[in-house]
Amino acid sequence: METVKLSEIVMKWFPDMMPFFRQNELNSMIVLRDGLNILEEDDALEIIQYSICEHQNQAYLH
């Protein structure tokens, strides 16, 4: 198991997406069962999508 920040996953697979994330999203800690070195692109995208949804659920509408 390895714990990494979401920013590490984004930088490895989708660096062009970095400007679209807020700092608190990028600082989210992600636990990877098998580690970052064997994380595949499809899995990285799924983690990123889930993280976006989680942060949207915490947002309040005014």
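Scroll up to find the structure this text is about.
Residues numbered from 1 in each chain as written. Predicted model: local features only at pLDDT ≥ 70, side-chain atom pairs only at ≥ 80, totals over all residues. Heavy atoms only, no water.

Brief notes about the environment of D42
When you line up the elements, D42 lands in helix α3 (residues 41-57). For D42, a relative accessible area of 62% translates into the label exposed. Once the C-alpha coordinates of D42 and H55 are considered, the two residues, 13 residues apart in sequence, prove to be 20 Å apart. (Helix = DSSP H or I, 4+ residues; strand = E, 2+ residues; numbered from the N terminus. Buried < 20%, exposed > 50% of the residue type's maximum accessible area, 1.4 Å probe, protein only.)

Some thoughts on the side chain of E25
The residue E25 is located in helix α2 (residues 23-26) in this model. In contact with E25, other than residues within four places in its own chain, are L6, F20 and H55. (Contact = heavy atoms within 4.5 Å.)

Comments concerning helix α1 (residues 6-13)
The set of residues buried in α1 consists of L6, S7, I9 and V10. For α1, the buried positions fall inside an angular range of 160° around the axis, keeping them on one side. (Arc of directions from axis to C-beta.)

Some words on the environment of G35
One can find G35 in the loop between β2 (29-32) and α3. A relative accessible area of 10% means that G35 is categorised as buried. As for G35 and P19, which are separated by 16 residues in sequence, their C-alpha atoms are 25 Å apart.

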